[in-house]
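Listed below, chain by chain, are the residues.
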Amino acid sequence: MEKEWKGKSMKIYTRKQKETKPVVAVCYDFDKTLSPDDMQAQGFIQSVGYNVADFWKESNGLAEQNGMDQNLAYMFIMMKTAHGNFIFNKKALNDYGAKVTLFPGVDNWFDRIRKYGDEKGVIVEHYIISSGLKEMIEGTRVADEFEKIYASSFYYDDSGVAQWPAQVVNFTNKTQFLFRIEKGVLDVNDSGVNDYFAPEDVRVPFRNMIYIGDSDTDIPCMKLVNSNGGYSIGVYNSETNSKSKVYKMMHDNRIKYFAPADYSEDTQLDKLVKTIIDRTVSNEALESMHYENKKEFAKNNDLISSEQKEKRDLIISLESSSSFAATHTIIEQLIRYDSWTDLEKEWLINIADSNSQVWAIIKDVDVKNFYKSVLTGMKQLSGKAEKIKGRIGN
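The structure presented is a predicted model; accordingly, all values stated were derived computationally and were not measured.

Quick word on unusual backbone geometry
Its identity is not glycine, yet Asn241 carries a phi of approximately 55 degrees, on the positive side. Its place among the elements puts Asn241 in the loop between strand E8 (231-236) and helix H9 (244-251). Positive phi values are uncommon outside glycine, yet Asn253 reaches one of about 60 degrees. Tracing the chain through its elements places Asn253 in the loop between H9 and strand E9 (257-260). For Asn253, a relative accessible area of 61% corresponds to the exposed category.

Looking at the packing of helix H15 (residues 365-376) against helix H16 (residues 383-392)
Two elements in contact, H15 and H16, have axes whose closest approach is 11 Å; the angle formed by their N-to-C orientations is 140 degrees. In terms of orientation, H15 and H16 fall into the oblique class. As for how H15 packs across H16, the hand of that crossing is left-handed. Across the interface between the two elements, Lys368, Tyr371, Lys372 and Leu375 from H15 touch Ala385, Ile388, Lys389 and Ile392 from H16.

What about the packing of aromatic side chains?
Tallied over the entire structure, the rule returns 19 aromatic pairs. Where Trp109 meets Tyr263, the ring centres are 5.1 Å apart and the plane angle is 80 degrees; that geometry is what we call edge-to-face. Residue Trp109 is found in helix H5 (residues 106-119), and its partner Tyr263 is found in the loop between E9 and helix H10 (268-303); the two are separated by 154 residues along the sequence. Between Tyr337 and Trp340, the ring centres sit 6.1 Å apart and the planes meet at 70 degrees, which makes this aromatic pair edge-to-face.

Quick word on the pattern of salt bridges
Scanning all chains against the criterion turns up 24 salt bridges. A salt bridge links Glu19 to Arg203; the nearest nitrogen and oxygen atoms lie 3.0 Å apart. Of this pair, Glu19 sits in the loop between strand E2 (8-11) and strand E3 (23-28) while Arg203 is found in the loop between helix H7 (175-183) and strand E7 (209-213), placing the two residues 184 residues apart along the sequence. A relative accessible area of 34% means that Glu19 is categorised as partly exposed. A relative accessible area of 4% means that Arg203 is categorised as buried. The salt bridge involving Glu145 is made with Arg114; its shortest N-O contact spans 2.4 Å. A residue pair is termed long-range when its members are at least 10 positions apart, and Glu145 in the loop between helix H6 (134-137) and strand E5 (148-156) and Arg114 in helix H5 qualify at 31 residues.

Topic: the layout of surface pockets
Space inside the largest pocket adds up to approximately 580 Å³. The wall of the largest pocket is formed by 23 residues, among which Asp38, Gln70, Asn71, Ser131 and Thr217 lie closest to the centre. Across the lining of the largest pocket, the residue classes break down as 3 nonpolar, 11 polar and 9 charged. Here the second largest pocket is characterised by a volume of approximately 390 Å³.

Some words on helix H3 (residues 70-82)
Between its terminal C-alpha atoms H3 stretches 18 Å, which fits the 18 Å expected from 13 residues at 1.5 Å a residue. Where H3 starts, the residue carrying a side-chain oxygen 2.7 Å from the main-chain nitrogen of Asn71 turns out to be Asp69.

Details of the packing of helix H11 (residues 306-320) against helix H12 (residues 324-334)
It is the contact of H11 with H12, at a shortest axis distance of 10 Å, that shows an interaxial angle of 155 degrees. Comparing their axes, H12 and H11 come out roughly antiparallel. Between H11 and H12 lies a crossing of left-handed hand. Taken together, the residues of H12 that come into contact with H11 (itself represented by Leu314, Ile315, Ser317 and Leu318) are Thr327, Ile330, Ile331, Gln333 and Leu334. Considering only residue class, the contact of H11 with H12 consists of 6 nonpolar, 3 polar and no charged.

Considerations on the nonpolar core
Counting 57 residues, the largest nonpolar core has Tyr28, Leu34, Met78, Leu133, Ile210, Ile233 and Tyr263 as its most contacted members. Element by element, the count of residues in this core is highest for H3, at 6 residues. The residues contacting Ile233, other than those within four sequence positions of it, are Ile210, Tyr211, Ile212, Gly213, Met222, Ile255, Tyr257, Phe258, Leu269, Leu272, Val273 and Ile276.

Conventions and cut-offs
Sequence order as written defines residue numbering, which begins from 1 separately in each chain. In keeping with the predicted nature of the model, local features appear solely for residues at pLDDT of at least 70, side-chain atom pairs appear and are counted solely at 80 or more, and the whole-chain, interface and lining totals rest on all residues. For the side-chain quantities, the full set of heavy atoms in the structure was used; hydrogens and water were omitted. Put simply, DSSP H or I for four residues or longer makes a helix, DSSP E for two residues or longer makes a strand, and each gets a number counted from the N terminus. Buried residues are those whose accessible area, probed at 1.4 Å on protein chains only, stays under 20% of the maximum for their type, while exposed residues exceed 50% and partly exposed ones sit between those limits. All axes here are fitted lines through C-alpha atoms, helices being fitted over the stretch that makes contact, and every angle between N-to-C directions spans 0 to 180 degrees. In this scheme, roughly parallel covers angles under 35 degrees and roughly antiparallel covers those over 145, while 65 to 115 is roughly perpendicular and the rest are oblique. Take the far helix as the reference: if the near one is turned anticlockwise from it by less than a right angle, the crossing is left-handed, and if turned clockwise, right-handed. Here a residue-residue contact requires only that any non-hydrogen atoms of the pair lie within 4.5 Å. Stacked, edge-to-face and tilted labels apply to pairs of Phe, Tyr and Trp rings (six-membered ring for Trp) whose centres lie within 6.5 Å, assigned for plane angles under 30 degrees, over 60, and everything in between, in that order. Put simply, a salt bridge is a Lys or Arg side-chain nitrogen that is within 4 Å of an Asp or Glu carboxyl oxygen. Lining residues are those with an atom within 4 Å of a point, where the points come from a 1 Å grid over the protein atoms alone and group into cavities, where a 1.4 Å probe fits but cannot get out, or pockets, open sets with protein on both sides within 12 Å along at least five of seven lines. Grid points are joined across faces, edges and corners, and a volume is the space filled by probe spheres set on the points. By the convention adopted, Pro, Cys, Tyr, Trp, Phe, Met, Ile, Leu, Val and Ala count as nonpolar, Lys, Arg, Asp and Glu as charged, and the other residues, Gly among them, as polar. What a helix is expected to span follows from its residue count: subtract one and scale by 1.5 Å. In protein, a polar contact requires one atom able to donate a hydrogen and another able to accept it; more generally it is a pair of N or O atoms within 3.5 Å, and residues adjacent in sequence count only if both atoms are side-chain atoms. Nonpolar cores were defined as sets of buried Ala, Val, Leu, Ile, Met, Phe, Trp, Tyr and Cys residues, with membership established by side-chain atoms within 4.5 Å.

The following block contains the structure:
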């Protein structure tokens with residue numbers, strides 16, 4: 001949908017709204033996370049007359065020699081080597097994607113985890129954040145399982161032939177897509193991702209994100225998710241059983257967990273993700289209570305005067321005072337007020353009785369005079385009030 005603003009056509013983007021249920025976003029790298037090898041190495045590279053090692057050597061060399069992003073380099077080499085071999089269009093890339101091998105259990109993983117979440121009262125959504133090619137991922141048999149596929153892609157001319165990179169996703173800019181998922185602002189051109197969202201209005205808080213990846217290129221995303229209370233999981237190929245990468249990521253505090261890239265039911269990874277969903281249920285119940293308390297506090301805060309707020313803050317400070325100097329300073333400010341509610345008086349009496357700092361110096365002139373004024377204004381003295389009166393004397 002588009003509208004006119006100052007003579008310019010502006011698109012109105014569709015955004016995901018906050019749900020009544022908690023949402024867990026499971027975000028995946030693709031190559032060597034869902035598939036055992038780079039997607040380009042599973043048919044495309046061979047079809048243009050290269051062996052895999054030579055292709056990547058040329059691509060990485062091009063990037064190094066020209067100060068070029070490595071992903072832009074491989075995209076250029078793909079276009080260049082396809083010339084004369086076949087029409088480099090979206091269909092060709094989709095067809096290569098259809099040949100990509102997936103790790104065990106991937107085919108039924110997404111629906112199974114969604115159903116498990118549904119049973120627990122949690123909405124589970126799956127997202128791809130990959131430096132691989134979007135068009136090839138869209139050709140895989142699991143492409144429809146994802147809410148959104150963020151990956152490198154091409155711009156195509158009117159004939160459908162690739163002409164230029166439309167999107168390039170590298171290891172550092174991957175993190176922007178986590179913020180899009182967080183706010184439900186999924187379109188890559190929607191600047192609403194920069195808007196402020198109150199914590200209680202965020203659609204998928206980072207604590208409800210799971211990032212699954214396999215290598216250093218995933219570290220920025222893993223670190224971002226980890227540091228904001230979410231879950232980062234490193235996976236490794238169970239056939240080679242090479243854990244060096246996940247060990248390094250664990251050593252560097254980039255991941256919280258690691259598991260074989262086996263997505264079958266009852267595997268280590270399956271149990272881990274289900275346990276995270278279970279934990280989300282109780283976490284979100286607590287968060288809901290917290291936000292309700294915040295709402296009640298905010299409403300109450302709006303109803304009381306600035307003087308009442310100042311008095312309340314000073315009483316709270318007195319309650320937590322842990323030094324004689326701080327107590328005298330607070331009492332000096334409290335003496336300025338000569339009007340106290342019955343609840344405030346009882347609160348002040350309880351503080352004198354329970355805070356050892358106040359109790360110890362209550363006979364000091366300033367503290368004594370303040371509490372005398374509080375006691376004088378009380379119609380009926382409680383047991384604690386009588387105790388304080390006896391302590392300070394005449």
